[in-house]
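Topology and contacts: notes
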Amino acid sequence: MKKRIIAVILLTFLSVTVFGLFSRDMAPASAEMTWKRVDFISGIVTAAELNVRKGPSTKYSIIGTLKKNQWVNVLAEINGWYVIFEPNTGLVGCVSGKYLQPPNKISQTPGTGTPSASNPKATPAPTPVPQTSLSQDEKEVLDLINAERAKAGLPALKADPQLMEVARLKAKDMVDKNYFSHQSPTYGSPFDMMRNYGIKFTSAGENIAGNSTEEGAVKAWMNSEGHRKNILNGKYNYTGIGIYQSPKYGKIYVQMFIER
């Protein structure tokens with residue numbers, strides 16, 4: 001019920017915002033445009049770069065771009081175009097349906113980092129083993145992250161026990177299945193994985209890293225624009241951190257963020 005309420009709120013906001021943009025742009029919305037509900041919440045970009053436009057056509061001006069493998073919220077479909085909301089930047093607009101796929105149509109080839117179109121059979125997720133306390137490595141990452149947030153005048157993230165278990169499972173899965181990607185061949189997208197484990201959120205994000213030290217992992221994130229935006233996103237208030245020994249990288253780091 002909460003998901004429906006959130007979707008309705010976003011859709012209402014979007015209908016005002018997007019159609020307001022339509023009316024001021026070069027091509028007004030035509031009478032035959034029909035909004036359709038979509039049966040998935042998040043989508044992944046399959047093009048190297050995907051333009052976000054003011055309306056559902058190339059006639060409308062570009063208001064932003066999305067990168068390959070980027071995740072966005074999908075709210076509706078209009079004549080083969082998706083109305084999207086990018087939670088990290090607040091970008092609202094339309095993208096071509098040819099270059100945005102729901103998670104269940106994207107599979108990950110282990111170790112390649114290259115998504116391919118398919119419809120794999122869902123793999124049941126194992127039940128996490130409760131572990132309420134943070135390990136020394138996990139606590140160090142959390143302290144380093146919160147130190148960066150403090151520098152920016154942001155409140156500290158709180159470790160959520162349930163989200164901690166999900167992040168640990170994701171880190172282990174990346175090592176076991178030999179891949180480095182937000183898209184898991186076992187659990188799907190980070191957002192699908194969170195939902196499958198009953199994590200409630202209004203917005204979410206994920207950072208991953210391969211490094212030999214906690215300080216090195218956080219430093220690498222802070223030197224990357226997208227990862228830094230997740231760390232310094234003032235809307236996020238809870239986090240989950242997973243660290244797993246890796247023969248390739250030293251350690252695999254997964255940090256999940258949620259707003260709740």
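Residues numbered from 1 in each chain as written. Predicted model: local features only at pLDDT ≥ 70, side-chain atom pairs only at ≥ 80, totals over all residues. Heavy atoms only, no water.

1. Examining the sheet that holds strand β14 (residues 250–259)
Note the following rule: DSSP calls a pair of strands paired once it identifies at least 2 bridges connecting them. Counting from the N terminus, the helices are the DSSP runs of H or I reaching at least four residues and the strands are the DSSP runs of E reaching at least two. Contact between two residues is taken to exist if any of their heavy atoms lie within 4.5 Å; hydrogens are not considered. Inter-axis angles, ranging from 0 to 180 degrees, are taken between N-to-C directions of lines fitted to C-alpha atoms, where helices are fitted over the stretch in contact.
Across the sheet, which stays open at both edges, the four strands sit in the order β11-β13-β14-β12 with mixed pairing between neighbours. With partners counted over all chains shown, the strands left at the sheet margins are β11 (158–159) and β12 (203–211), one partner each. Its contacts with the sheet put helix α3 (residues 161–176) on β11, β12, β13 (238–246) and β14, and the angle it makes with β13 is roughly 30°.

2. What to know about the packing of aromatic side chains
To describe a pair of aromatic rings, one takes the distance between the centres and the angle between the planes. Note the cut-off: When two rings of Phe, Tyr or Trp (its six-membered ring) have centres within 6.5 Å they constitute a pair, described as stacked for plane angles under 30 degrees, edge-to-face for angles over 60, and tilted for the intermediate range. For each residue, the accessible area found with a 1.4 Å probe, counting protein chains only, is set against the maximum for its type, and the residue is called buried under 20%, exposed over 50%, and partly exposed in between.
Tallying each qualifying case throughout the model produces three aromatic pairs. Centroid distance Phe180 to Tyr249: 5.5 Å. Interplanar angle 40°. Geometry classified as tilted. In this pair, Phe180 is assigned in the loop between α3 and α4 (190–196) and Tyr249 in the loop between β13 and β14, connecting sequence segments 69 residues apart. Taking the relative accessible area as the measure of exposure, Phe180 reaches 32% and is therefore partly exposed. Given the relative accessible area of 31%, Tyr249 is considered partly exposed. For the ring pair Tyr187 and Tyr197, a centre distance of 6.5 Å and an interplane angle of 55° mean the geometry is tilted. In this pair, Tyr187 sits in the loop between α3 and α4 while Tyr197 sits in the loop between α4 and β12, placing the two residues 10 residues apart along the sequence.

3. A look at helix α5 (residues 214–222)
Among all positions in α5, only Glu214, Gly216, Ala217, Val218, Trp221 and Met222 are buried. Of the surrounding secondary structure, the elements contacted by the buried residues of α5 are α2 (136–151), β12, α6 (225–231), β13 and β14.

4. Some words on the pattern of salt bridges
In plain terms, the rule: Criterion for a salt bridge: a side-chain nitrogen of Lys or Arg within 4 Å of a carboxyl oxygen of Asp or Glu.
Scanning the model with the defined rule gives 13 salt bridges in all. A salt bridge links Asp173 to Lys177; the shortest N-O distance between them is 3.6 Å. It is possible to trace a salt-bridge network through shared partners that takes in Asp137, Glu214 and Lys251.

5. Observations concerning the confidence of the model for the protein chain
The condition that has to hold: For every residue, the predictor assigns a confidence score, pLDDT, that lies between 0 and 100.
Averaged over every residue, the pLDDT of the protein chain is 79; the share at 70 or more is 73%. Confidence scores differ between elements of the protein chain, with strand β10 (residues 115–117) showing the lowest mean pLDDT of 34 and α2 the highest of 97. Below pLDDT 50 for its whole length, residues 2–32 participates in 43 contacts with residues either more than four positions away or in separate chains. Confidence drops under a pLDDT of 50 for residues 106–131, and excluding neighbours within four residues, the segment shows 49 contacts in the predicted structure.

6. Here we look at the environment of Glu165
Here Glu165 lies in helix α3. For Glu165, a relative accessible area of 9% translates into the label buried. Along the primary structure Glu165 and Gly242 are separated by 77 residues, whereas in three dimensions their C-alpha atoms are 7.5 Å apart.

7. Here we look at unusual backbone geometry
With a phi close to 50°, Asn79 is a non-glycine residue in the positive phi region. Tracing the backbone through its elements, the reader meets Asn79 in the loop between β5 (71–78) and β6 (81–86). Relative accessible area serves as the criterion here: at 41%, Asn79 is assigned to the partly exposed category. In this model, Asn178 sits at a positive phi of 55°, which is unusual for a non-glycine residue. Structurally, Asn178 is set in the loop between α3 and α4.

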